[in-house]
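# Analysis of the macromolecular model
Next come the chains, spelled out residue by residue.
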Amino acid sequence: MLIADDLEKLLEILPNFVREPLKQHPNRKNLIEVVMDLGRRPEARFPGNPEYLSQRPISWQDLDYCVKKVGNFSGDNRAGIEKTLHRISSMRNRDGSIIGLTCRVGRAVFGTISIIRDLLERGDSILLLGKPGVGKTTAVREIARVLADEMEKRVVIIDTSNEIAGDGDIPHPAIGRARRMQVARPDLQHQVMIEAVENHMPEVIIIDEIGTELEALAARTIAERGVQLVGTAHGNHLESLIKNPTLADLIGGIQYVTLGDDEAKRRGTQKSILERKAAPAFQIAIEIHERKVWIVHNRVEETVDQILQGHQPFVQKRQVQSNGRILIKCYPSQSTEVLATNFSTSLKMINTKHKTSFLQHKELKNNLLNLNKLGNHDTSLLSTTINAPINISKKSLQSEISIQYLYAYSLSWQHITSVISSLDLPIILTKEIEKADAILALRSQVKQNTKLRQIAKSRQIVIYTIQNSTVPQITCALRKILNINTASELNWVELCRNKKFYEIQALQEAKLAIETIILNENSIVQLTPRSAYIRKMQHNLVDNYQLRARSFGEEPYRKLRIYPE
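Our subject in this report is the structure included herewith. Model, not experiment: these values are computed from the prediction. Numbers given for residues are sequential positions, taken from 1 along each chain in its written order. Reporting in this predicted model follows two pLDDT cut-offs: at least 70 for local features of residues, and 80 or more for side-chain atom pairs to be given and counted; totals over whole chains, interfaces and linings ignore these cut-offs and use all residues. No hydrogens and no water enter the side-chain calculation; it runs on all heavy atoms of the structure.

## Remarks on the overall build of the protein
Labels follow the DSSP assignment, with helices taken as runs of H or I lasting at least four residues and strands as runs of E lasting at least two, numbered in each case from the N terminus. Check the secondary structure of the protein and you find 18 helices and 28 strands. The buried share of the protein, taken over its 565 residues, is 52%. A sequence separation of at least 24 residues applies to 62% of the contacts in the protein between residues at least 6 apart. In the structure as shown, the protein presents an accessible area of about 27000 Å², 47% of it carried by carbon and sulfur atoms. The cut-offs for exposure are 20% and 50% of the maximum accessible area for each residue type, with area from a 1.4 Å probe on protein chains only; residues under the lower value are buried, those over the upper are exposed, and the others partly exposed. Residue contacts follow a heavy-atom distance rule, with two residues in contact if any of their heavy atoms lie within 4.5 Å. All accessible-area figures derive from a Shrake-Rupley calculation using a 1.4 Å probe, and residue coverage is judged against the displayed protein chains alone.

Here's what the structure looks like:
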């Protein structure tokens, strides 16, 4: 990783009593910024902690000395040093006089985006999120160079504050062959974005700091014209965009939807819910938490839908190790704020019990019908080697009763949950009818709901009815469900009897994934897309192993994801 910072040119604009301590500082290569406020001591900020550079306070003359050596300050109170990436920001009093300066070091770091090189090659629009100073602009600058020089695309940078390509009319060499359009005033950024598309025929447009509703709308317009976007926005998590009405358009926008009574009962939600309004302008979102730790949302559309439905989205964590290798893991997001699907838009924290990872294994690609293909980017690509013989856990087969997924219609979840927990029954309540092994409902409601009966018939799900929603009747029904669906040890010959070839092929895929990866490696596996009927068969097979699975995606690309114990 090559770093070019032109630090000497920044030091030249500083007063002598500030410059000399920095020249001799042993950690100056990690300098983030120098802060000079009127009447206070000058301060140097490093990743670890800030340090005072002198006992002498900053005077008007010191600030004047610096201001005269830099270019003019723009409307956003920023200036630069020509042919460098450094940024000088000013603080003013009520009269407009400069009373403080933040001299931020700009560095061109080559090789930083190797961590997401595969995502760039896909050609999807990418949104970078992160707090100030985490390295978003540095990453965007390197992305521009790679797209322009190495992938030979027509790249135009919308450089509002001259931070990406440096101050002056000649752009910094760090952006390679990419072209730069400067913006006269920050409030005109959205107009320059549209102008770039209309006048300069770009394949890629790069925007730093999308912050207003007009800029978000311009980004959506550009995306709809087929131009690849790479942009940045302030925010620690993707969820922060969902809660931000100004920037929500970047991920599709959020709207209230009122469901009918039957649909609300089927989903197990309130009648007023939140849904995504349209396709997102950015297909990939990346959270930069640290310079070497990036969280990737591989498909923003699916992630936003899962968050709005109250489900736990899976994230991809990419980390550059000390030896230069990139470690990729995928697991349920931790410390993730999830938008609940109710009218009050209340937020809750989801805590995961286990860290897991998707493992893609070369030896399984042919056997599992190209399971977790690299080209699809559905899961992480962490390679591993399985040399041990296949071992089926005894624990997974010792129980005579498999876990049953139960869809409760017009019944009290609280009553059913209390019965399940008190009797320790192997039953899991689900809000997704397509995942259910059985349906439990009030008899009067089933008679009136022809749609429920049609769904159950088409998916071959048995409906169990009770007269009243009382604990004794619920207990009796749950015992009946388990007695009817008592599972014995897996008999593969019996399981495949009277099955068609493609059905056996799908079962073989699930079986091999369970026995080779899940039971041996304790890792999550995502199968290839199947029809609802085939996924139902795979669900039943998973139940025999005392594991759990969920269906993800939209038809006809809906697929099964199997979890370890």
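## Structural notes on the pattern of salt bridges
Salt bridges are identified by distance alone: a Lys or Arg side-chain nitrogen within 4 Å of an Asp or Glu carboxyl oxygen. All told, the structure shown has 27 salt bridges when counted by the stated rule. The partner of R276 in a salt bridge is E301, and the shortest N-O contact between them spans 3.3 Å. Of this pair, R276 sits in strand β15 (residues 272-276) while E301 sits in helix α10 (residues 300-308); the two residues are 25 residues apart in sequence, bridging distant segments of the chain. Overall, R276 belongs to the buried group, its relative accessible area being 16%. Look at the salt bridges and you will find they share partners, linking R117, E121, E142, R145 and E150 into a network.

## Description of the packing of helix α6 (residues 189-200) against helix α7 (residues 213-224)
Axis lines are fitted through C-alpha atoms, for helices just across the contact stretch, and the angle between N-to-C directions can take any value from 0 to 180 degrees. Interhelical geometry of α6 versus α7 gives an angle of 15° and a closest axis separation of 8 Å. As judged from the angle between their axes, α6 and α7 are roughly parallel. You can see that α6 and α7 cross each other, and the crossing is left-handed. Only L214, E215, A218, A219, T221 and I222 of α7 make contact with α6, whose side of the interface consists of Q189, H190, M193, I194 and V197. Residues are grouped as follows: Ala, Val, Leu, Ile, Met, Phe, Trp, Tyr, Cys and Pro are nonpolar; Asp, Glu, Lys and Arg are charged; every other residue, Gly included, is polar. A breakdown of the residues in the contact of α6 with α7 according to their chemical character gives seven nonpolar, three polar and one charged. When describing relative orientation, an angle under 35 degrees is termed roughly parallel and one over 145 degrees roughly antiparallel, while 65 to 115 degrees is termed roughly perpendicular and anything else oblique. For any helix crossing, the convention is left-handed if the near helix is rotated counterclockwise from the far helix by under a right angle, and right-handed if that rotation is clockwise.

## Focus on the sheet that holds strand β4 (residues 50-52)
Criterion used throughout: strands pair if DSSP finds at least two bridges between them. An order of β4-β3-β2-β7-β6-β5 is seen for the six strands of this open sheet, with the pairing classed as antiparallel. Both edges of this open sheet fall to β4 and β5 (78-80), since each of them pairs with a single strand only. With direction set aside, neighbouring strand axes in the sheet form an average angle of 20°. Where strand β6 (residues 87-92) meets strand β7 (residues 98-104), six bridges bridge the pair, whose relative direction is antiparallel. Following the sheet pairing, M91 is matched in β7 by G100. Strand contacts of helix α3 (residues 60-69): β2 (33-37) and β7, with the helix running at about 50° to β7, the strand carrying the most contacts.

## Some points on unusual backbone geometry
Positioned with a positive phi, N162 is a non-glycine residue whose angle comes to about 55°. Within the fold, N162 resides in the loop between β10 (155-159) and β11 (179-182). You will see that Q460, though not glycine, has its phi angle at about 60°, which is positive. The exposure class assigned to Q460 is exposed, which follows from its relative accessible area of 58%.

## Regarding the nonpolar core
Side-chain atoms within 4.5 Å link the members of a nonpolar core, which is a set of buried Ala, Val, Leu, Ile, Met, Phe, Trp, Tyr and Cys residues. If you look at the biggest cluster of nonpolar residues, it comprises 35 residues, and the most contacted ones within it are I158, I205 and L250. The contact partners of L250, leaving out residues within four places of it in the chain, are L127, I210, A216, A219, P280, A281 and F282. Within the second largest apolar cluster, 31 residues are counted, among which are L119, V146, L147 and A148.

## Description of the sheet that holds strand β23 (residues 427-429)
The parallel open sheet is built from four strands, whose spatial order is β23-β22-β24-β25. Single-partner strands in this sheet number two, and they are β23 and β25 (462-466). For this sheet the average axis-to-axis angle between neighbouring strands, irrespective of direction, equals 30°. As paired elements, strand β22 (residues 404-409) and strand β24 (residues 438-442) share four bridges and run parallel to each other. Residue pairing in the sheet places L406 in a bridge with A438 of β24. Along the sheet face, helix α14 (residues 450-458) touches β22, β24 and β25 and points at about 140° away from the line of β25.

## Topic: the side chain of T160
When you line up the elements, T160 lands in the loop between β10 and β11. What T160 contacts, discounting residues up to four positions off in sequence, is V183, P186 and Q189.

## Some remarks on the pairing of β24
The buried fraction of β24 amounts to five of the five residues, a majority that puts the element mostly inside the structure. Residues of β24 alternate between two faces, with A438, L440 and L442 on one and I439 and A441 on the opposite face, all of them buried.

## Describing α3
Listing the buried residues of α3 in full gives D62, L63 and C66. One side of α3 carries all its buried residues, which in axial view fall inside an arc of 95°. Turned more than 90 degrees from where α3 packs its buried face, Q61 and K68 sit exposed. Considering only its buried residues, α3 is in contact with α2 (16-23), β2 and β7. The directions from the helix axis to the C-beta atoms form the arc being described.

## Structural notes on the environment of K499
By the element assignment, K499 lies in the loop between α16 (492-496) and α17 (501-521). Note on K499: relative accessible area 28%, which makes it partly exposed. With near-sequence residues (within four places) excluded, K499 lies in contact with I504, L507 and M537.

## Points about the packing of aromatic side chains
Two measures describe an aromatic ring pair: the distance that separates the ring centres and the angle between the ring planes. Note on ring pairs: Phe, Tyr and Trp rings are taken, using the six-membered ring of Trp, and paired if centres are within 6.5 Å. Classes follow the plane angle, with under 30 degrees stacked, over 60 edge-to-face and the rest tilted. A full pass over the atoms with the stated rule returns zero aromatic pairs. Placement of a charge over a ring requires the Lys NZ or Arg CZ to be within 6 Å of the ring centre, with the centre-to-atom vector within 35 degrees of the ring normal. The positively charged end of K431 is found above the aromatic ring belonging to W413, 5.7 Å away from the centroid.

## A few points about the state of the cysteines
The disulfide criterion is simple: two cysteine sulfur atoms within 2.5 Å. By the definition in use, this model includes zero disulfides. Here C66 stays unpaired: no disulfide links it, and the sulfur of C103, its closest cysteine neighbor, is 5.8 Å away. Assessed through its relative accessible area of 1%, C66 is described here as buried. Residue class for C103 comes out buried when judged on its relative accessible area of 1%.

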